[in-house]
Amino acid sequence: MARRVGPLSRLGGSWWMWVGALAALIVLALAPTYLLLESEQRTLGSVFMFVVLAQGWNLIGGFAGYPSFGNVVFFGLGGYTTAILMAKARAGFWITLPAAGLVGLLFAVLMGIPILRLRGHYFAIATLGVAEGMREVVINTGGLTGGNKGITVPAVGAEATTSYPGNTGFYYMFLVLAVVTMAVVWAVARSRFGYSLRAISQDEDAAAAAGINTTRAKIAAFALAGLLTALAGAIFAFQQVTIYPDRLFAVDTTVLMVVMAVIGGAGTVVGPMIGAVALQYLSEWLRDNFTDYHTFVFGGIIVLAVLLMPMGLVNFTREAWQQRRIALLDATRRYRL
Amino acid sequence: MTEFLQSTVYGLLDGGLLALFAIGFSLVWGVMNIVNLAHGAFVVTGAYIAWKLNTAMGLDPYLGMFVAAVAMFAGGYIVQRLLINQVVNAPIWMTLLLTFGLDLLIVNGLILLFTADFRVIQTGIGSKGLALGDVRIPYERLVGFGVALAVTVLLVWFMNRTRTGLAIRTTGMDRAAARLMGVSVRHVYALTFGIAAGLAAMAGAIIGTINTFSPASAPQFTLQSFVIAVLGGLGNMWGALAGGLTLGLVQAWGGQYLSGTLVNAIAFGVLVLVLIVRPAGLVGRPYYEARAEA
């Protein structure tokens, strides 16, 4: 089949994909003015935030195949960097935001150097241990972080270092961050760096033998995840005004990142985004319709999703499209004992 | 000094119970390379079974714990056979996700059935205890520790001396070779998972007689299992016992001498350090390669 040649072909993908993305972006950019209520902007803002978090996990867990169970540590560090700088050093939010990103990046590098030497479950547990340990450190350094009582960002009145942007402001912040994140992941996926990550995920020893500096690639992926996740945490902290260690370092947040990325399609560009959108709206819908047992139903959906489409929605749809048949149990046949 | 002795005794007695539920977790991880995030939920379920039998039918919890163990053995066998076996060969986050989904199902199912209230199982020997000088040893904890120790020894005997136990260990060492020797891996995996669930339920029933519990206690038990399994080395039963006693002591001493939850921070610090320096655990060697350079 002849490829359509045009100005977009250098970007890869097909032209209708880019037109669709652009159209979606325009709609999303105009939506707060014309379409959405304040509460809907808030919901959509949190969807965007989870797109960022799921993509952060996707970089290290999906592309490099290192299943981090402690990515929330970057989220928490980003949030606390922002809150502490705003509350104690009285810095403006636009100064604390890059600072938070930097903290996330540096912490990922420092943590990655020893921990990325571990593989498989050991890596998962070590990252989980770091995240839980960091929460305890935050709880026990009350002088700086406010401990369990939380820390409040000066956001209203004369105290405020940056005026509180409201629901619409946060909608745009999360939207911009999500778009930047998508662009970053897309660029990574097409770059030499992205291919080396995929090689590591398939066979790390072979990747090293092929001349890939696996340590550097893994740490770079982890650092990128740390940076993006910390930025999301910073915005989240500002939005919440008062933050608590249990909320910002919740294991559940990490699990949500993993679930979203995996259900959408780990290691793909659009998968985690679809997973984030689908799951966030699904859990919203469950909360409205199954008030008492929405978490129960949610658990059942996770179990079913893993059994029926373990390769994620994106890969499942692609295969169904290419083979012209819906094969719900195919993946299970591949993975079962 | 009395304080120190008292917390040491409590730490060791609690450590035995920690070991009892962590052994199964370690076994599942070592033999099947599966980290079961629903393990803590099994512990809590065991506690609820014993509690329900006690409050509804007046069954003594020390008998109820066997009922709980048998019921959860069956439940664990079915879960592994029907669900987890289907994704055993998938990338590891699949099994992590699947067991996390199970955890949500069980924990929230328990909340729906029994509410989120804290419960405790009443025993006939409630507040009685043994006094050694100034140190007091409650009978409940002593009995619990004794049962935990006995079951651990029994399990080690089972794994090393019976054909079934050897089949489990063989499968953990080399699945393909085990198959060639005529071992039914599907059955063995399910059996291992069943044993783990049964032991967890038994430990849960005993823990329910000592401390209050609620469905929300589940993650804590899972996390403790992690720490113990890593400390002791995966699939290593004596290691799990040693790891359990160590964690019990660290927790008791930490609770006595450190403020707040700082002890948790230390526990996680130790965990990460052990993983980096000696991923095979403090005792024994791993079934699976852990380090990139190793």
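Just so you know, these numbers come straight off a predicted model, no measurement behind them.

**Student:** Which parts of the structure should I look at to understand the overall build of chain A?
**Tutor:** Of regular secondary structure, chain A possesses 16 helices and 2 strands. The C-alpha radius of gyration computed for chain A amounts to 20 Å, which stays within 12% of the reference 20 Å derived for 337 residues, consistent with globular compactness. C-alpha atoms of chain A, sized along the principal axes, occupy 65 × 50 × 50 Å. Scored against the burial criterion, the 337 residues of chain A give a buried share of 50%. Pairs at least 24 apart in sequence give 75% of the contacts found in chain A among residues at least 6 apart.

**Student:** Can you help me understand the overall build of chain B in this one?
**Tutor:** Helix and strand counts for chain B come out as 11 helices and 2 strands. Element order for chain B, N to C, with α for helix and β for strand: α-α-α-α-β-β-α-α-α-α-α-α-α. Expected size for 294 residues packed as a compact globule is a radius of gyration near 19 Å; at 19 Å, chain B falls within 12% of this value. Counting only C-alpha atoms and orienting by the principal axes, one finds that chain B spans roughly 60 × 45 × 35 Å. Counting the 294 residues in chain B, one finds 55% classified as buried. Within chain B, contacts between residues separated by at least 24 positions form 78% of all contacts whose residues are at least 6 apart in sequence.

**Student:** Looking at this structure, how should I read the nonpolar core?
**Tutor:** Considering soluble globular proteins, one finds that nonpolar side chains tend to be buried as a cluster. Counting 215 residues, the largest nonpolar core has A221 of chain A together with L97, M202 and A203 of chain B as the members making the most contacts within it. Considering every element that reaches this core, the biggest residue donor is helix α10 (residues 214–240) of chain A, with 18 residues. In this view, L97 of chain B contacts V258, V259, V262, I302 and V306 of chain A; residues no more than four positions away in its chain are not counted.

**Student:** Hey, could you run me through the pairing of strand β1 (residues 129–132) of chain B in this one?
**Tutor:** It is a general feature of regular strands that their side chains alternate between the two faces of the sheet. All names here are of chain B. Sheet topology places β1 next to strand β2 (residues 135–138); 4 bridges connect them, and they run antiparallel. When the sheet's bridge partners are listed, L130 is paired in β2 with I137. The loop that links β1 with its antiparallel partner β2 comprises 2 residues; one of these, G133, has a positive phi angle of about 65 degrees.

**Student:** Please clarify how the packing of helix α3 (residues 61–82) of chain B against helix α8 (residues 185–210) of chain B should be interpreted in this entry.
**Tutor:** Each pair of packed helices gets described by two things: the angle between the helix axes and the distance between those axes. Residues and elements named next belong to chain B. Packing of α3 against α8 leaves a shortest axis separation of 6 Å and a crossing angle of 150 degrees. With respect to α8, the axis of α3 lies roughly antiparallel. In terms of crossing hand, the pair formed by α3 and α8 is right-handed. In terms of residue class, the contact of α3 with α8 is built from 22 nonpolar, 7 polar and 2 charged.

**Student:** Mind showing me how you'd approach helix α4 (residues 92–114) of chain B here?
**Tutor:** Every α-helix carries 3.6 residues per turn, so stepping three or four residues along brings you back to the same face. Residues and elements named next belong to chain B. In a regular helix each residue adds 1.5 Å, so 23 residues correspond to 33 Å; α4 covers 33 Å between its end C-alpha atoms and thus fits that length. Counting buried residues in α4 gives 17 out of 23 residues, a clear majority hidden from the surface. Of the residues trailing α4, T115 is marked for its positive phi of about 60 degrees.

**Student:** Help me understand the environment of T162 of chain A in this model?
**Tutor:** Residue and element names in this part refer to chain A. As for its placement among the helices and strands, T162 is situated in the loop between β1 (151–152) and α7 (166–190). Distance from T162 to A91, taken between C-alpha atoms, is 8.4 Å for residues 71 residues apart in sequence. Excluding anything up to four places from it in sequence, T162 contacts G92, F93 and W94.

**Student:** Got a minute to help me understand the interface of chain A and chain B in this structure?
**Tutor:** Frequently, the measure chosen for interface size is the accessible area removed from exposure when the parts meet. The interface of chain A with chain B comprises 41 residues on the first partner and 45 residues on the second. The set of elements that each furnish at least two residues to the side of chain A that touches chain B consists of α4 (93–115), α5 (120–140), α12 (251–264), α14 (294–308) and α16 (330–335) of chain A. Per-class residue counts for the side of chain A that touches chain B are 25 nonpolar, 10 polar and 6 charged.

**Student:** Any chance you could explain the packing of helix α2 (residues 39–57) of chain B against α8 of chain B here in plain terms?
**Tutor:** Residue and element names in this part refer to chain B. At a closest axis distance of 6 Å, the pairing of α2 and α8 adopts a crossing angle of 55 degrees. Relative to α8, α2 is oriented oblique. Where α2 crosses over α8, the handedness of that crossing is right-handed. In this structure, α2 uses H39, F42, V43, V44, T45, G46, A47, I49, A50 and W51 to contact α8, whose residues at the interface are A197, A200, A201, M202, A203, G204, A205, I207 and G208. Along the lines of polarity and charge, the residues of the contact of α2 with α8 split into 14 nonpolar, 5 polar and no charged.

**Student:** Help me understand unusual backbone geometry, please; the structure alone is not making it clear to me.
**Tutor:** Peptide bonds are mostly trans, and most non-glycine residues show a negative phi. Its identity is not glycine, yet V241 of chain A carries a phi of approximately 70 degrees, on the positive side. Position of V241 of chain A relative to the elements: it lies in the loop between α10 and β2 (242–243). Located in the positive-phi region is N33 of chain B, a residue other than glycine, with phi close to 60 degrees.

**Student:** Would you take a moment to explain the environment of F100 of chain B for this structure?
**Tutor:** Secondary-structure assignment places F100 of chain B in helix α4. Looking at F100 of chain B, the number of C-beta atoms within 10 Å reads 26, which means it is buried. Between the C-alpha atom of F100 of chain B and that of H39 of chain B, which follows or precedes it by 61 residues, the distance is 9.6 Å. In contact with F100 of chain B, not counting residues within four places along its chain, are V255 and I302 of chain A together with L37 of chain B.

**Student:** Explanation requested: helix α6 (residues 163–173) of chain B in the structure shown.
**Tutor:** All names here are of chain B. Where α6 is concerned, the buried positions are A167, I168, T171 and G172. Each buried residue of α6 lies within a common arc of 135 degrees when the element is viewed along its axis, so the set occupies one face. Exposed and facing more than 90 degrees away from the buried side of α6 are R163 and M173. The elements touched by buried residues of α6 are α1 (2–32), α5 (139–161), α7 (175–180) and α8.

What counts and what doesn't
- Residues numbered from 1 in each chain as written.
- Chains lettered and ligands numbered in written order.
- Predicted model: local features only at pLDDT ≥ 70, side-chain atom pairs only at ≥ 80, totals over all residues.
- Helix = DSSP H or I, 4+ residues; strand = E, 2+ residues; numbered from the N terminus.
- Rg over C-alpha atoms; globule rule 2.2 N^0.38 Å.
- Buried ≥ 20, exposed ≤ 12 C-beta atoms within 10 Å, placed from the backbone.
- Contact = placed C-beta atoms within 7 Å.
- Core = buried A, V, L, I, M, F, W, Y, C linked by C-beta atoms within 7 Å.
- Pairing = 2+ DSSP bridges.
- Axes fitted to C-alpha atoms, helices over the stretch in contact; angles between N-to-C directions.
- Parallel < 35°, antiparallel > 145°, perpendicular 65-115°, else oblique.
- Left-handed = near helix turned anticlockwise from the far one by under 90°.
- Nonpolar A, V, L, I, M, F, W, Y, C, P; charged D, E, K, R; others polar.
- Expected span 1.5 Å × (residues − 1).
- Arc of directions from axis to C-beta.

Purely geometric stuff here, so don't read any function into it on its own.
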